[in-house]
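Below are the chains, spelled out letter by letter.
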Amino acid sequence: MNSDFMDKIDQRIIRELQRDGRLTNQELAERVNLSPSPCLRRLRNLEQQGIIRGYSAIVDQKRYGLPVTVFVRIKLQHHTEQGVSAFETAIKNIDEILEAHLMTGDWDYLLRVIVASLEDYERFTRQSIHRIPGVAGIETSFAYGEVKRTNLFPAI
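Please read these numbers as outputs of a predicted model, since none were measured by experiment.

Procedures and definitions
- Position labels on residues start from 1 in each chain and follow its written sequence.
- Where totals are concerned, whole chains, interfaces and linings use all residues; where local detail is concerned, this predicted model gives features only for residues with pLDDT of at least 70, and gives and counts side-chain atom pairs only at 80 or more.
- The side-chain numbers reported here are obtained from all heavy atoms of the structure, hydrogens and water having been left aside.
- Think of it this way: any DSSP run of H or I at least four residues long counts as a helix, any run of E at least two long counts as a strand, and we number them from the N terminus.
- In this description the radius of gyration comes from C-alpha coordinates, and the expected globular size is given by 2.2 Å times residues to the power 0.38.
- A simple rule labels every residue: compare its accessible area, found with a 1.4 Å probe on the protein chains alone, to the largest value its type can have, and call it buried under 20%, exposed over 50%, or partly exposed in between.
- Throughout, the edges of the domains are those of an automatic or database domain assignment.
- Put simply, two rings from Phe, Tyr or Trp (the six-membered ring, in Trp's case) pair if the centres are within 6.5 Å, and we call them stacked under 30 degrees between planes, edge-to-face over 60, tilted for the rest.
- Note on definitions: a residue-residue contact is assigned when non-hydrogen atoms from the two residues lie within 4.5 Å.
- Here a helix's expected span is defined as the number of its residues, less one, multiplied by 1.5 Å.
- Between N or O atoms, a polar contact is any pair within 3.5 Å; within protein, one atom must be a potential hydrogen donor and the other a potential acceptor, and residues adjacent in sequence are included only when both atoms are from side chains.
- Pairing between strands is defined by DSSP: at least two bridges between them are needed.
- Fitted lines through C-alpha atoms give the axes, limited to the stretch in contact for helices. The angle between two N-to-C directions lies from 0 to 180 degrees.

Things to note about the overall build of the protein chain
Line of reasoning, step 1. What the protein chain contains, in helices and strands, is six helices and four strands.
Line of reasoning, step 2. What you see in the protein chain, going N to C, is helices and strands ordered as α-α-α-α-β-α-β-β-α-β.
Line of reasoning, step 3. Its C-alpha atoms give the protein chain a radius of gyration of 20 Å, more than 25% over the compact-globule value 15 Å for 156 residues.
Line of reasoning, step 4. Within the protein chain, the fraction of its 156 residues that count as buried is 29%.

Here it is as structure tokens:
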């Protein structure tokens, strides 16, 4: 199997696992119309190639105790290789940051942050983001609610 190409069966395997990562191989094979042995072989290939990078539980963040979702836009002072690398290394070690995206436009990064309260967000900003050298600007938006969240890729 070429790691740059997946056929429709591989894509169906992935979509079924995105729907339910706890499927047995037998259940998965039935859903994608394969016998169990070729299904398991394909699944192992997808895992070995790093296409499937792992399995995890989807947790209700409010019930976990982190009800506040914040989108934080970051602008760097300088875009040197060293400055960018230092910023990216620093944010990878901050637990409250669940996602960090390098962006086009006026802001350099968009972070998705979750915290327990507005006070915790203030503490996070002061003790984590402000301490990273080279940050020129921070703009924050608080999410009022979540309209859609899915881990299921669109069919292609």
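Some details on the domain arrangement of the protein chain
The figure often quoted for interface size is the accessible area lost as the parts come together.
Line of reasoning, step 1. Taken domain by domain, the protein chain consists of domain 1 (8-49) and domain 2 (68-142).
Line of reasoning, step 2. Averaged C-alpha coordinates put domain 1 and domain 2 at centres separated by 37 Å.

Side note on the packing of aromatic side chains
Any aromatic ring pair is given by two values, namely how distant the centres are and how the planes are angled relative to each other.
Line of reasoning, step 1. Counting across every chain of the model gives three aromatic pairs.
Line of reasoning, step 2. Note on Phe-87 and Tyr-109: the rings are 4.7 Å apart at their centroids and 45 degrees apart in plane angle, and the pair reads as tilted. Residue Phe-87 is found in helix α5 (residues 81-92), and its partner Tyr-109 is found in strand β3 (residues 109-115); the two are separated by 22 residues along the sequence. Comparing Phe-87 with Tyr-109 shows no difference in burial state: the two are buried.

Side note on the environment of Ile-132
Line of reasoning, step 1. Assignment of secondary structure puts Ile-132 in the loop between α6 (118-129) and β4 (135-142).
Line of reasoning, step 2. Separated by 106 residues in sequence, Ile-132 and Gln-26 have C-alpha atoms that sit 49 Å apart.
Line of reasoning, step 3. The contacts of Ile-132, once residues within four sequence positions are left out, are Phe-87, Ala-90, Ile-91 and Ile-94.

A look at helix α1 (residues 8-19)
Line of reasoning, step 1. Under the 1.5 Å per step criterion, the end-to-end length of α1 is 16 Å for 12 residues, consistent within 8% with the ideal 16 Å.
Line of reasoning, step 2. On its buried face, α1 is in contact with α2 (25-31) and α3 (36-48).
Line of reasoning, step 3. The N-terminus of α1 is capped by Asp-7, whose side-chain oxygen sits 3.1 Å from the backbone nitrogen of Ile-9.

Looking at the sheet that holds β3
Line of reasoning, step 1. The four strands are arranged β2-β3-β1-β4 in an open sheet whose pairing can be described as antiparallel. Of all the strands in the sheet, just β2 (97-102) and β4 have a single pairing partner and so form its edges. If you compare each strand with its neighbour and ignore which way they point, the axes differ by 20 degrees on average.
Line of reasoning, step 2. With seven bridges connecting them, strand β1 (residues 68-76) and β4 associate as antiparallel partners. Bridge pairing in β4 places Val-72 opposite Thr-140.

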